[in-house]
Amino acid sequence: DSNIGADKDRALLYDYLAIVADDPLVSIQYEERAISTIKKVHSGNIVLVCNLYTNLSHFYHMSGNIKSALDNMGTALQLAKKFKIENHHDNLVRRRNYATFLVAAGQPLYALAELMKLSEVIEYHYSNQSLDYAMVQEDMGKIFCCLGKKEQASKHFKYAFHLYKI
């Protein structure tokens, strides 16, 4: 009922229903309903809206629909940029996930480009000694490994594992 609670509250309830559903297709329906509950996107709800689109993208990925997963993750990233929260920690994770979806879509070189940009952002705004930076290096190592670029993969893995030991 739209008369009970705020938009954000109803959206969160649908989001929770999506998370506990056993079927990704049911989760997609709940997540789309959560997003449609938000009447207007603004600075007070942008983190929630980006997270809802991110969750929706994961449910699409789970259902095997990589294109919709990429599209919804792209929407979350565009909104984050529009509202100037692209360096918010949630968005760092979102960008790593986007790269994962790019690999799943058969676009590993685009994924690498995204991760290289992300590593620069993390180094500039946070640190190249952080766990986030290590995880991006590890992701890049995995992609280089899949591409048969052992030397480049090794470089990224060694740096990541060095950071994990710190």
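That block above? That's the structure.
The structure reproduced in this document is the subject of the present report. (Residues numbered from 1 in each chain as written. Predicted model: local features only at pLDDT ≥ 70, side-chain atom pairs only at ≥ 80, totals over all residues. Heavy atoms only, no water.)

### Looking at the nonpolar core
This is how it is decided: Buried residues of nine kinds, namely Ala, Val, Leu, Ile, Met, Phe, Trp, Tyr and Cys, make up a nonpolar core once their side-chain atoms join them within 4.5 Å. Exposure categories follow from relative accessible area, calculated using a 1.4 Å probe and restricted to protein chains: below 20% of the type maximum is buried, above 50% is exposed, and the middle band is partly exposed. Per the convention used, a helix needs a DSSP run of H or I reaching at least four residues, while a strand needs a run of E reaching at least two, with both numbered from the N terminus. Any two residues whose heavy atoms approach within 4.5 Å at even a single point are treated as in contact.
If you look at the biggest cluster of nonpolar residues, it comprises 44 residues, and the most contacted ones within it are Cys50, Leu52 and Leu115. The set of elements that each furnish at least two residues to this core consists of helix 1 (7-20), helix 2 (24-37), helix 3 (46-63), helix 4 (66-82), helix 5 (89-104), helix 6 (108-125), helix 7 (131-146) and helix 8 (150-165). Examining the composition of this core, we find that nine residues originate from one element, helix 3, more than from any other. Setting aside chain neighbours within four positions, we find Cys50 in contact with Ala76, Leu79, Ala80, Ile85 and Arg94.

### A closer look at the environment of Gln137
Mapped onto the elements, Gln137 comes out in helix 7. Overall, Gln137 belongs to the buried group, its relative accessible area being 6%. In this view, Gln137 contacts Ser119, His156, Tyr159 and Ala160; residues no more than four positions away in its chain are not counted.

### A few points about the environment of Gln29
Inspection of the secondary structure puts Gln29 in helix 2. Gln29 sits in the exposed class, given a relative accessible area of 56%.

### A look at the environment of Tyr133
Among the secondary structure elements, Tyr133 is positioned in helix 7. On the accessibility criterion, Tyr133 (10% relative accessible area) is buried. Counting along the chain gives 12 residues from Tyr133 to Val121, while the straight-line C-alpha distance between them is 9.4 Å. For Tyr133, the residues in contact, after removing those within four places along its chain, are Ser119, Ile122, Glu123, Ser127, Asn128, Tyr159 and Leu163.

### Quick look at the state of the cysteines
The cut-off we apply is this: We call a pair of cysteine sulfur atoms a disulfide when they lie within 2.5 Å.
A complete count under the given rule lists zero disulfides for this structure. With no disulfide of its own, Cys145 lies 6.0 Å from the sulfur of Cys146, the closest cysteine sulfur.

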